There are 2 protein chains.
Amino acid sequence: MSSRRTFLKNLKNSALGGALLSLGGAASLATTGCATGGGDAGSSGSTGGAGGCCATGAGAGAPKTPLVKGAVILFQGDSITDAGRSRKNTGANNPDALGRGYPVLAAGEILRRFAALEPRVFNRGISGNKVHQLAARWDGETIALKPDVLSILIGVNDHWHSIGGGYKGTPEIYEKDYRALLKRTAAALPAARLVICEPFVLKGGGAIRNEAQWFPVFDRYREIAKRLAGEFNTLFVPFQSAFDDAMKTAPAKYWSPDGVHPSLAGAQLMATVWLKTVFG
Amino acid sequence: MSSRRTFLKNLKNSALGGALLSLGGAASLATTGCATGGGDAGSSGSTGGAGGCCATGAGAGAPKTPLVKGAVILFQGDSITDAGRSRKNTGANNPDALGRGYPVLAAGEILRRFAALEPRVFNRGISGNKVHQLAARWDGETIALKPDVLSILIGVNDHWHSIGGGYKGTPEIYEKDYRALLKRTAAALPAARLVICEPFVLKGGGAIRNEAQWFPVFDRYREIAKRLAGEFNTLFVPFQSAFDDAMKTAPAKYWSPDGVHPSLAGAQLMATVWLKTVFG
């Protein structure tokens, strides 16, 4: 019914016209295998048009994270990753299975941008998890899925649950447990692209009111995550600095009412910086 | 704890480094009031960096859809808009209230991009709705919300439900009912920016197998929506051509298994073209 010509004609006639067509004419809203070609760098969440534009400023070299056809992308972590995902439906690319947080928002864009590769995106975050709990379920819920890209966000509970005495965690335990988990992962999944996400909290959030309970010790968890990223040559997603920067624009409660769990705005900020870090 | 300088330093040290910083240094992942300044045109879903880049290629003039502080953005329509949204929680900016389709994906990006304005995004789509059913609940579920931006996607059921005889719909009834609804809307909300979304189906989808039942009559519904957009000077979101183009990259079942309801990939495609049309 509609050809590419019709599409472009409709674009021209629509409100979309100028902005998209002025970027080069042959822009497609469904980009294809850019991760393997580097052509979509600098455009996380953007259309092909914006990607084409910004590719001239960055990403002309090798892609950061080349994807193969049918690539498996797995998000692992705690409640921030879990984000209310279904336990009944855990299949790939399903909004219920992906939850209501940054994984589903990043997944949407991954699926749109790399449609030609038909990627498969999973979420296995579980609310309340600390590193040792990831380790306990790692074989069945991570290694068995054979991810090509494995993203891990863990750490806030490793400290949070130690406030008040329920859990005897320390930065040293976090570092030791996390390093062991990463060694095991690197051995079992030598070809996987690992992504370590920085744990973060937002000062001013409801759960962070007593700052003396959080700082400076929580900063050490962030530093450990970053150090391990260097040690294991993984990508590192700087969530803390992204939120710190965002709070210059809107208050903590806009991005995360309790300072730990992001709002939809905060989840989108996370998805955006995650995509930028992983795919350029 | 972290300053802007720390943020940029972290960026530089992270995998994000080159791509973002090479776009001009002061890129922010939380963009602010760009809709009022035109600076974010051409970057739907993109970072501030990409927006800054592409703003040089487009959007230097007045913004398509200026937003005020606390602007209300409302998505209305049928099951494609509804997308499993909660009926208990119908508040602004809540992922449950926004469903699992294009509204929540567009909302995330709206909330990130226009954070300084703290917009309020609502979804009032109801599965199965045709134009006359929108009309029946319009006062309470549209006018009463006083939207600054009102997006309407309606039409597929107006034809679909007439297949098999359950509903006696025709393109003429659709046009008459839709025009009356838009007249009423323009009178009640004279300052609102209206957005008419093109009804669409994907050939090859499970519900579109018997193409003789759909074509050419369904094309008339699309044409009517577009004509009304011109008549009422609204924005027009060309979903059909976007999906037709996307199907050159991946098959219909990837974007919408039944050809009517989008997958997550299809919903992201819709959110992307919607954002591009409405905000540039």
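Structure: see above.
On a predicted model such as this, the values are computed, not experimentally measured, just so you know.

Asks: Hey, could you run me through the overall build of chain A in this one?
Replies: In terms of regular secondary structure, chain A is built from 16 helices and five strands. Buried positions account for 61% of the 280 residues belonging to chain A. In chain A, once contacts between residues fewer than 6 apart in sequence are set aside, the share between residues at least 24 apart is 75%. Put simply, chain A shows about 9500 Å² of open surface, and 54% of that area lies on carbon and sulfur atoms.

Asks: Explanation requested: the packing of aromatic side chains in the structure shown.
Replies: Each pair of aromatic rings is reported with the distance of its centres and the angle of its planes. What the rule picks out here adds up to 26 aromatic pairs over all chains. Ring geometry for Trp160(B) versus Trp214(B): centroids 6.1 Å apart, planes at 50 degrees, classification tilted. Note that Trp160(B) is positioned in helix α10 (residues 156-160) and Trp214(B) in the loop between β4 (193-197) and α12 (217-231), a separation of 54 residues in sequence. Overall, the relative accessible area of 0% leaves Trp214(B) in the buried class. Every member of this aromatic cluster is reached through a ring pair, and the members are Phe75(A), Tyr102(A), Phe114(A), Phe200(A), Phe239(A), Phe243(A), Trp274(A) and Phe279(A). The ring of Phe215(A) has Lys203(A) lying over it, and the distance from NZ or CZ to the ring centre is 4.5 Å. In this structure, Lys130(B) is placed above the aromatic ring of Tyr167(B), and the distance from its NZ or CZ to the ring centre is 5.0 Å.

Asks: What is the right way to look at helix α14 (residues 239-246) of chain A in this model?
Replies: Because each turn of an α-helix spans 3.6 residues, side chains separated by three or four positions end up pointing in the same direction. Judged by how many residues are buried, α14(A) sits mostly within the fold: eight of eight residues are covered. Turning to α14(A), its buried residues are Phe239(A), Gln240(A), Ser241(A), Ala242(A), Phe243(A), Asp244(A), Asp245(A) and Ala246(A).

Asks: Can you help me understand the environment of Asp245(A) in this one?
Replies: Residue and element names in this part refer to chain A. If you trace the backbone, Asp245 turns up in helix α14. Residue Asp245 is classed as buried on the basis of its relative accessible area of 4%. Distance in space between the C-alpha atoms of Asp245 and Leu134 is 30 Å, their sequence separation being 111 residues.

Asks: When you look at the packing of helix α7 (residues 102-113) of chain A against helix α16 (residues 264-279) of chain A in this model, what are you seeing that I'm missing?
Replies: The geometry of a pair of packed helices is captured by two quantities: the angle between their axes and the separation between those axes. All names here are of chain A. The contact between α7 and α16 brings their axes to 8 Å, and the two run at 45 degrees. With respect to α16, the element α7 is oriented oblique. Crossing of α7 against α16: the hand is right-handed. Between α7 and α16, the contacting residues are Tyr102, Leu105, Ala106, Glu109, Ile110 and Arg113 on the first element and Leu264, Ala267, Gln268, Met270, Ala271, Trp274, Leu275 and Phe279 on the second. Partitioned by chemical class, the residues of the contact of α7 with α16 number eleven nonpolar, one polar and two charged.

Asks: Is there a simple way to think about the layout of surface pockets in this case?
Replies: Once rolled over the atoms, a probe with the size of a water molecule shows which space is left empty. Roughly 260 Å³ of volume is contained in the largest pocket. Lining the largest pocket are 15 residues; nearest its centre among them are Ala83(B), Arg100(B), His261(B), Pro262(B) and Ser263(B). Among the residues forming the lining of the largest pocket, the class breakdown is six nonpolar, six polar and three charged. Of the voids in this model, the second largest pocket is the one considered here, and its volume is about 220 Å³. Of all elements in the fold, only α6 (95-98) and α7 of chain A together with α6 (95-98) and α7 (102-113) of chain B reach the threshold of two or more residues within the lining of the second largest pocket.

Analysis parameters
- Within each chain, residue numbers correspond to sequence positions counted from 1 in written order.
- Chains carry letters and ligands carry numbers; both start at the beginning, A for chains and 1 for ligands, and go up in the order they are written.
- Only residues with pLDDT of 70 or above have their local features reported here, since the model is predicted, and side-chain atom pairs are shown and tallied only from 80 upward, although totals for entire chains, interfaces and linings are computed over all residues.
- Only hydrogens and water are set aside; all other atoms, that is, all heavy atoms of the structure, feed into the side-chain values.
- In this description a helix means any DSSP run of H or I spanning at least four residues, a strand means any run of E spanning at least two, and both kinds are numbered starting from the N terminus.
- Burial classes: relative accessible area under 20% of the type maximum marks a residue as buried, over 50% as exposed, and values in between as partly exposed (1.4 Å probe, protein chains only).
- It only takes one pair of heavy atoms within 4.5 Å for two residues to be counted as in contact.
- Using the Shrake-Rupley algorithm and a 1.4 Å probe, accessible areas are obtained, with residue cover drawn only from the displayed protein chains.
- Aromatic rings from Phe, Tyr and Trp, with only the six-membered ring used for Trp, were paired whenever their centres fell within 6.5 Å, and each pair was classed as stacked if the ring planes differed by under 30 degrees, edge-to-face if by over 60, and tilted otherwise.
- To sit over a ring, a charge needs its Lys NZ or Arg CZ within 6 Å of the ring centre and within 35 degrees of the ring normal.
- Where helices are involved, their axes are fitted lines through C-alpha atoms of the stretch in contact, as for all axes, and angles between N-to-C directions lie from 0 to 180°.
- Working definition: roughly parallel below 35 degrees, roughly antiparallel above 145 degrees, roughly perpendicular at 65 to 115 degrees, and oblique for all remaining angles.
- Definitions for this section: a left-handed crossing has its near helix turned counterclockwise from the far helix by less than a right angle. A right-handed crossing has that turn clockwise.
- Any residue outside Ala, Val, Leu, Ile, Met, Phe, Trp, Tyr, Cys, Pro, Asp, Glu, Lys and Arg is labelled polar, Gly included; the first ten of those are nonpolar and the last four are charged.
- In this analysis the probe radius is 1.4 Å and the grid spacing 1 Å, with only protein atoms considered; a cavity is a set of points the probe fits into but cannot get out of, a pocket is an open set with protein on both sides within 12 Å along at least five of seven lines, and lining residues have an atom within 4 Å of a point.
- Grid points are joined across faces, edges and corners, and a volume is the space filled by probe spheres set on the points.

As far as function goes, none of this settles anything; it's purely spatial.
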